[in-house]
There are 2 protein chains.
Amino acid sequence: MKLSTKTRYGTRALLDLAINQEKGPVQLKDIAQRQSISLTYLEHLVTPLINAGIVRSARGRKGGIWLAKSPQEIRLDEVILLLEGSNAPVECVDRPDICPRSGSCVTRDIWTEMKKALDDVLAATTLQDLMDRQNAGTQAVARS
Amino acid sequence: MKLSTKTRYGTRALLDLAINQEKGPVQLKDIAQRQSISLTYLEHLVTPLINAGIVRSARGRKGGIWLAKSPQEIRLDEVILLLEGSNAPVECVDRPDICPRSGSCVTRDIWTEMKKALDDVLAATTLQDLMDRQNAGTQAVARS
DNA sequence: ATTATTGTAGACTAGATTAGTCAACAATAA
DNA sequence: TTATTGTTGACTAATCTAGTCTACAATAAT
Ligand code: FES
Ligand code: FES
């Protein structure tokens, strides 16, 4: 039950974008550098976010990417769904038909609860929340 | 974020054991047959449970395995920990030292919440609960 | 004692998945 | 026109998963 690096890096990249997009499009190159992710790999992380419409992009000089919505409108459950797929720990939680006995399978109930628990945690947090925490943290460090 | 078959089969095997242990040791062969798991694979699933002391075993004729504790004393978080490992979706949740910036990493807070949410769900359910649900289900079917 | 039966341990393997890289291409601003 | 930036997809090495296979250890029945 580990998250892929795609999800972890992708989430970090999105947070980086949220923090740095004030002055217009942010270039992948810069995100890659700040977050220590290879540029070619980062491209793959961003693609699903663009396709889903939560990030927008422009090519060419002065190109880059930016958030299509405000940070408080982007919940982590959407992000993780795009990067990692469903939080269902077993396939049959989402598609009962693939397990013949899913109607009477008691372990499936538990797997379903696990999915819901994860969804709840992730749906309760937005990109804005992460930005706020980040700022609070750096201020605390600066203050000390 | 998928559970391995080891965890899924292992949990089913344990539930099968809990249900069938009334008349003494249950043989792996029988669990394998009832649960449609190959005997040789099942052996690997059971080993960590035996080593951890929640299942006991005896070899030879009339041998088999049985629960070392009563079903209501066996929580699913223990079981999943043994079969799948920690619910931490990222290694650094359990071992902050492996990520240099773990002290100020805001995504890590989220991964930590995910782990806690999973632990809470699993700790709230015992093998006895699964047995009860199973019985309720089959009765409901029989009644209908 | 011997033997059939049961669990134990670990080496081994095929296939799937992950975590990337690489190269060719498309769009746009200067 | 060209330098720059994102897009796409093929490709690969390494790792992990889901098992199998073999030899062995312990015990009950005979
Ligand atoms: S594992 Fe799919 S229904 Fe039980
Ligand atoms: S991912 Fe480990 S601390 Fe941020």
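Our structure is the block above this text.
Everything in this summary refers to the structure shown in the same document. (Residues numbered from 1 in each chain as written. Chains lettered and ligands numbered in written order. Predicted model: local features only at pLDDT ≥ 70, side-chain atom pairs only at ≥ 80, totals over all residues. Heavy atoms only, no water.)

**Notes on the overall build of chain A**
Then, in step 1: Broken down by element type, chain A carries 7 helices and 2 strands.
Then, in step 2: Seen through its C-alpha atoms, chain A measures out along the principal axes to roughly 55 × 40 × 25 Å.
Then, in step 3: Of the contacts formed within chain A by residues at least 6 apart in sequence, a portion of 61% connects residues at least 24 apart.
Then, in step 4: Roughly 7,700 Å² of accessible area belongs to chain A as shown, and the carbon and sulfur atoms make up 50% of that amount.
Then, in step 5: A distance of 7 Å separates the average location of the 20 positive side-chain charges in chain A from that of its 17 negative side-chain charges. (Helix = DSSP H or I, 4+ residues; strand = E, 2+ residues; numbered from the N terminus. Contact = heavy atoms within 4.5 Å. Areas by Shrake-Rupley, 256 points an atom, 1.4 Å probe, with all protein chains shown as cover. Lys, Arg positive; Asp, Glu negative; His and termini not counted. Charge placed at Lys NZ, Arg CZ, Asp CG, Glu CD.)

**Here's the deal with the protein's contact with DNA strand D**
Then, in step 1: The local shell around DNA strand D holds 25 residues, among which Leu28(A), Lys29(A), Ser57(A), Ser38(B) and His44(B) are the closest.
Then, in step 2: One of the backbone N or O atoms of Thr5(B) is found 3.1 Å from a phosphate oxygen in DNA strand D.
Then, in step 3: Thr40(B) places a side-chain nitrogen or oxygen 3.3 Å from a phosphate oxygen of DNA strand D.
Then, in step 4: Counting residues per element, the ones that place at least two in the surface near DNA strand D are helix H2 (28–35), helix H3 (39–51) and strand S1 (55–58) of chain A together with helix H1 (5–20) and helix H3 (39–51) of chain B.
Then, in step 5: For the surface near DNA strand D, the element with the highest residue contribution is H3(A), accounting for 4 residues.
Then, in step 6: A class-by-class count of the residues in the surface near DNA strand D yields 6 nonpolar, 12 polar and 7 charged. (Near = heavy atom within 4 Å. Polar contact = N/O pair within 3.5 Å; in protein donor to acceptor, adjacent residues only side chain to side chain. Nonpolar A, V, L, I, M, F, W, Y, C, P; charged D, E, K, R; others polar.)

**Side note on the environment of Pro25(B)**
All names here are of chain B.
Then, in step 1: Tracing the backbone through its elements, the reader meets Pro25 in the loop between H1 and helix H2 (28–35).
Then, in step 2: Separated by 46 residues in sequence, Pro25 and Pro71 have C-alpha atoms that sit 15 Å apart.
Then, in step 3: Filtering out sequence-adjacent residues up to four positions away, Pro25 remains in contact with Lys62, Gly63, Gly64, Ile65 and Trp66.

**Regarding the relation of the copies chain A and chain B**
Then, in step 1: With an RMSD of 0.0 Å, chain A superimposes on chain B once it is rotated by 180 degrees and translated 0.0 Å along the axis. On this basis, the relationship between the two copies can be described by a two-fold rotation axis. Judged by C-alpha distance, Met1(A) is the residue of chain A that lies nearest the rotation axis, at 2.3 Å.
Then, in step 2: Of the residues that chain A buries at the interface, 100% are likewise interface residues in chain B, meaning the two copies contact each other through the same surface. (Least-squares fit on C-alpha atoms with pLDDT ≥ 70 in both.)

**Points about the protein's contact with DNA strand C**
Then, in step 1: Neighbouring DNA strand C are 24 residues; Ser38(A), His44(A), Leu28(B), Lys29(B) and Ser57(B) lie closest to it.
Then, in step 2: Of what DNA strand C places within 4 Å of the protein, 72% of the atoms are sugar or phosphate.
Then, in step 3: Contact distances for DNA strand C include 2.7 Å between a phosphate oxygen and a backbone N or O atom of Leu28(B).
Then, in step 4: In the model, a phosphate oxygen of DNA strand C is placed 2.8 Å from a nitrogen or oxygen of the Ser57(B) side chain.
Then, in step 5: Elements with a minimum of two residues in the surface near DNA strand C: helix H1 (5–20) and H3 of chain A together with H2, H3 and strand S1 (55–58) of chain B.
Then, in step 6: Along the lines of polarity and charge, the residues of the surface near DNA strand C split into 6 nonpolar, 11 polar and 7 charged.

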